[in-house]
Amino acid sequence: MEVKVMKNILGENDKIAEENRKLFREKNIFVVNLMGSPGSGKTSLLEKTLSALSEKINVAVIEGDLFTAKDAERIERQNVSVVQINTAGGCHLDAPMISRAAESLDLDKIDLLIVENVGNLVCPAEFDVGENVKAVVLSITEGDDKPLKYPLIFKESAVTLLNKIDLLEFTNFNLESAREDLTTLHPGLKIIETSCTKNLGLEDWTNWLLEQINFPA
Ligand code: MG
Ligand code: ZN
């Protein structure tokens, strides 16, 4: 019974996700669904990404949050268009939410749309929102066991950002085994080590994004 309900929900979601994807393709917008645990550094990475890219291309952001507008307020300071979605406790974004949020964006003026999903390693990976790629942030402080404990999100993502890499020496995070687990789960996965406080790996990430939209770096 429950399985059937879930299948119907996902089926309806996928239909709207496909409509979103079609609309974004028509408007020539590349869409990234940025996922990761609470505190993994999604918003900080987004701030760095926007400050590096906003002079080259037009970037817009959809901010998913459980209750507050705290992240959207941080993004607004970067002078990019941002739409806030409050899920009122909902633990992931879905395609209908993105469809509604897109109505408040000027789609003719966007090259790259980044969707910051709700902090959660589980169901955001199950809900297609109409993105081109999913990206997941895994911070060093979360532990190297997360890829095997939450395999779907790492299988679904085109890129994993190993964030807060500057803290590696203060933790027992085994970088080698984490990389091995990630590559076993998802052969060909792009892995980038980043730190927002020490400005590490950010150019690899933004260059990767520019490559995806065929912008000469
Ligand atoms: Mg955030
Ligand atoms: Zn959820």
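K.L.:
Help me get a handle on the pattern of salt bridges, residues and values and all.
P.N.:
Throughout the structure, instances matching the rule amount to 12 salt bridges. Across the salt bridge formed by Glu26 and Lys22, the nearest N and O atoms sit 3.6 Å from each other. Residue Glu26 and its partner Lys22 are located together in helix α1 (residues 2–26), separated by 4 residues, close to a single helical turn. Across the salt bridge formed by Asp145 and Lys149, the nearest N and O atoms sit 3.8 Å from each other. Residue Lys149 is classed as exposed on the basis of its relative accessible area, which comes to 53%. Three or more residues are tied together by salt bridges with common partners; here these are Glu18, Arg21 and Asp128.

K.L.:
Tell me about the coordination of the magnesium ion (ligand 1), residues and numbers included.
P.N.:
For the magnesium ion (ligand 1), every protein donor is listed as Thr43 (OG1), Asp71 (OD) and Glu116 (OE), and the spread of their distances is 2.0 to 2.1 Å. Read from N- to C-terminus, the donor residues coordinating the magnesium ion (ligand 1) fall into the pattern T-x27-D-x44-E. A residue pair is termed long-range when its members are at least 10 positions apart, and Thr43 in helix α2 (residues 42–53) and Glu116 in strand β4 (residues 112–116) qualify at 73 residues. Neither residue differs from the other here; Thr43 and Glu116 are each classed as buried.

K.L.:
With reference to specific residues and values, describe the nonpolar core.
P.N.:
Core analysis: the largest hydrophobic core is formed by 28 residues, its most contacted members being Leu112 and Trp205. Every element with two or more residues in this core is listed here: β1 (30–36), α2, β2 (59–65), α3 (70–76), β4, β5 (133–139), β6 (159–163) and α8 (202–212). The leading source of residues in this core is α8, at 5 residues. Those residues within four positions of Leu112 in sequence are excluded, and the remaining contacts are Ile29, Phe30, Val32, Leu53, Ile57, Asn58, Val59, Ala60 and Leu209. One finds Val31, Ala60, Ile98 and Val118 within the second-largest nonpolar core, a separate group that totals 19 residues.

K.L.:
Residues and numbers for unusual backbone geometry, please.
P.N.:
A positive phi is found at Lys164, a non-glycine position, where the angle reads about 60 degrees. Position of Lys164 relative to the elements: it lies in the loop between β6 and α7 (175–185). Despite not being glycine, Asn199 shows a phi value in the positive range, around 55 degrees. On the secondary structure map, Asn199 appears in the loop between β7 (190–193) and α8.

K.L.:
Residue-level account of the sheet that holds strand β3 (residues 81–86), with values.
P.N.:
Here we have 7 strands laid out as an open sheet, ordered β3-β2-β4-β1-β5-β6-β7, and parallel in their pairing. Each edge of the sheet is formed by a strand with only one pairing partner; in this case those strands are β3 and β7. Taking each pair of neighbouring strands and ignoring which way they run, the sheet shows an average axis angle of 20 degrees. Judged from the 5 bridges that link them, β2 and β4 form a sheet pairing that is parallel. Across the sheet, residue Val59 finds its bridge partner in β4, namely Leu112.

Criteria and thresholds
Residues numbered from 1 in each chain as written. Chains lettered and ligands numbered in written order. Predicted model: local features only at pLDDT ≥ 70, side-chain atom pairs only at ≥ 80, totals over all residues. Heavy atoms only, no water. Salt bridge = Lys/Arg side-chain N within 4 Å of Asp/Glu carboxyl O. Helix = DSSP H or I, 4+ residues; strand = E, 2+ residues; numbered from the N terminus. Buried < 20%, exposed > 50% of the residue type's maximum accessible area, 1.4 Å probe, protein only. Donors = N, O, S within 2.8 Å, 3.2 Å for Na, K, Ca; no water. Core = buried A, V, L, I, M, F, W, Y, C linked by side-chain atoms within 4.5 Å. Contact = heavy atoms within 4.5 Å. Pairing = 2+ DSSP bridges. Axes fitted to C-alpha atoms, helices over the stretch in contact; angles between N-to-C directions.

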